[in-house]
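# Structural characterization, general
Listed below are the residues making up each chain.
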Amino acid sequence: MLQVNYIKENKSLVLERLSVKNFNDLQLIDEILGLDDARKTLQLEVETLQADANTAAKQVGELMKAGKRDEAEIIKSTTVAVKENIKNLLAQISFTEQDLQQKLVLLPNLPHTSVPKGKTPEENEVVLSFGDAPNLPENALPHWELAAKYNLIDFELGVKITGAGFPVYKGKGAKLQRALINFFLAEAEKSGYDELMLPLLVNEASGFGTGQLPDKEGQMYFCGVDNLYLIPTAEVPITNLYRDVIVKEEDLPIKNCGYTPCFRREAGSYGAHVRGLNRLHQFDKVEIVQVVKPEKSYEILEEMSIHVQNLLQKLDLQYRVLRLCGGDMSFASALTYDMEVWSAAQKRWLEVSSVSNFETFQSNRLKLRYKGNETKTQLAHTLNGSALALPRIVAAILENFQTENGIIVPECLVPYTGFRLID
RNA sequence: GGAGAGAUGCCUGAGUGGCCGAAAGGAACAGUUUGCUAAACUGUCGUACUGGCAACGGUACCGAGGGUUCGAAUCCCUCUCUCUCCGCCA
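Computed from a predicted model, the values in this text were never measured in an experiment.

### Quick notes on the domain arrangement of chain A
- Structurally, chain A comprises domain 1 (4-104) and domain 2 (121-422).
- Here the C-alpha centre of domain 2 lies 44 Å away from the C-alpha centre of domain 1.
- On the side of domain 2, eight residues touch domain 1, which itself brings four residues to the contact.
- In total, about 330 Å² of surface goes out of reach between domain 1 and domain 2, with carbon and sulfur atoms giving 46% of it.
- Remark: the boundary between domain 1 and domain 2 carries zero salt bridges.
- The tally of links from domain 1 across to domain 2 stands at three residue pairs in polar contact (both at pLDDT 80 or more).
- Taken together, the residues of the side of domain 1 that touches domain 2 sort by class into one nonpolar, two polar and one charged.

Here it is in structure tokens:
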């Protein structure tokens, strides 16, 4: 959520930035500024009345004590009208604030100046490419066929017990999952992230804090009886740890990581591109999150991007890094890098990580601030990234490292799998 | 699931209608003292909005939301959460 005062002071800049995200609703901005002015005027009015009422109440107290009942009664009678007035004004303020809030959450975050204009994924900017595509024979198999051939993943069983998009991992397939999770967590710990194990269901306030609610609720599974949502990413519980918190400046940066399953309804996504592991309703992911000082956040975004790239390099996967264009970025992000690995048998890039700087967009909603001895309380910056999402990594490993004799597991995973070959 | 108790500032904890934005202690920060460490002493020590160039003010907030009252941390109602006991249970 953007800060109203910032919008007020930098209106033309805000409009210019928002246009990069293809957002051009000048009228909405004007309405927001109008509502904020109205709110302030009402606020001032009600506070003046309250100050008067407070003084009157004190006088009554003193007069009563002095035994001057009659005089007290006179003052009492005058406050009745004032009270009614205050009540009305408060109701107006509350209504205005709600209206303002509802409109304010419609504004996406301002993209960083380096974000390219564009509407479609094709307009994302390739920042760098790393590694070479493996030379696979013409008859190389896509991962879903490999998964069946080596009895690693059973998609049909998942359909039976739950539905499409909930695979059952078996044998070495299951072990590979566990190995990847442990490898990613170990690497995150080496990079200084403190590990957390988190609730997989969150309440409404948390969904709002990170921006899934109100507008993207269709993306989450919802337990209506208890009013809880299944997390679409560990970002939600981790970042909400710091909701309504004022952290000490010296405790920054806060670095957390956590492994969780993620649940996404993905309503309306069907077809060839979602085959196999390409898009699931439940998948596993290790997430990294940082809470940092504003002046450091872009430096840290690079650091997080490098952490993710190191993982991909250790896994010997060919990858590329994209700087997302305005149209492809998420609502809340100011700058996002997507990491994609090459899926050699499908012959396409698969997104395996997304690393974003949200600047104060989330912290403003979360009321996540920091305070130093010298500095006043101010909003912190939040960042997060997948490090990494498992299914597409598994897809790429199966496809890229397939041989006549089986699938060769990357060296770095062997300590975690206990085997080098899937056959 | 049943019964009871509670929720106050960074922490502990006092406060049952006006003198309470809130005692006291601890922690933290600054200073004085000190050969060093410790101790002692003094001061500072919540958040948000808002007025003012500033000095300094105003308003709200004692789990959340309503109500009673001229006046509520204090009384009433609803909700949430925590704790204790019983039941059930991985």
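Following the structure, the description resumes.
### A word on the pairing of strand β11 (residues 319-323)
- Summarising burial for β11: five of the five residues are buried, a large majority.
- Relative to β11, strand β1 (residues 125-130) is paired through five bridges, and the arrangement is antiparallel. Looking at the pairing, Leu 128 lines up with Val 321 of β11.
- Pairing of β11 with strand β12 (residues 335-343) involves five bridges; the strand directions are antiparallel. Paired with Val 321 across the two strands is Met 339, which belongs to β12.

### A word on the sheet that holds strand β14 (residues 369-371)
- Strand order across the open sheet formed by three strands is β8-β14-β15, with mixed pairing between neighbours. Only two strands of the sheet have a single neighbouring strand rather than two, namely β8 (246-248) and β15 (378-379).
- Alignment of β14 against β15, held across two bridges, turns out to be antiparallel. Opposite Arg 369, over in β15, you have Leu 379 as the bridge partner.

### Topic: the sheet that holds strand β5 (residues 201-202)
- What the three strands build is an open sheet, ordered β5-β7-β6; its pairing is antiparallel. Either end of the sheet is taken by a strand with one partner, and the two such strands are β5 and β6 (222-223).
- Relative to strand β7 (residues 228-230), β6 runs antiparallel, the two sharing two bridges. Considered in β7, the bridge of Phe 222 is made with Tyr 229.

### Examining a nonpolar patch on the surface
- Taken together, the side chains of Val 127, Leu 128 and Phe 130 define a hydrophobic patch exposed on the protein surface, amounting to about 210 Å² of accessible area.
- Structurally, the position occupied by Phe 130 is in strand β1.
- Given the relative accessible area of 35%, Phe 130 is considered partly exposed.

Calculation criteria
Within each chain, residues carry numbers counting from 1 in the order of the written sequence. Each chain gets a letter, beginning with A, and each ligand a number, beginning with 1, in the order they are written. Local features in this predicted model are restricted to residues of pLDDT 70 or higher, and side-chain atom pairs are both shown and tallied only at a pLDDT of 80 or more, whereas totals for entire chains, interfaces and linings draw on every residue. Side-chain calculation: all heavy atoms of the structure are included, whereas hydrogens and water are not. All the domain ranges listed were derived from an automatic or database domain assignment. We call two residues in contact whenever any of their non-hydrogen atoms come within 4.5 Å of each other. Buried area counts how much accessible surface, traced with a 1.4 Å probe, disappears from two parts once they are put together, with both parts' losses summed. Salt bridge, as used here, is a side-chain nitrogen of Lys or Arg placed within 4 Å of a carboxyl oxygen of Asp or Glu. Polar contact is defined as a pair of N or O atoms within 3.5 Å, subject to the rule that within protein one atom must be able to donate a hydrogen and the other to accept it, and that residues adjacent in sequence are counted only when both atoms are side-chain atoms. Only Asp, Glu, Lys and Arg are considered charged in this grouping, and only Ala, Val, Leu, Ile, Met, Phe, Trp, Tyr, Cys and Pro are considered nonpolar; every other residue, Gly among them, is considered polar. Residue burial is assigned from relative accessible area. The probe radius is 1.4 Å, only protein chains are included, and a residue is buried under 20% of its type maximum, exposed over 50%, and partly exposed in between. The secondary structure listing takes helices from DSSP runs of H or I that are at least 4 residues long and strands from runs of E that are at least 2 residues long, numbered from the N terminus. Strands qualify as paired when DSSP identifies two bridges or more between them. Patches were defined on residues exceeding 30% relative accessible area and lacking a salt bridge, with like-charge contacts within 9 Å and nonpolar side-chain contacts (Val, Leu, Ile, Met, Phe, Trp, Tyr) within 5 Å. Per-residue and other accessible areas were derived by the Shrake-Rupley procedure at a 1.4 Å probe size, with only the shown protein chains allowed to occlude residues.

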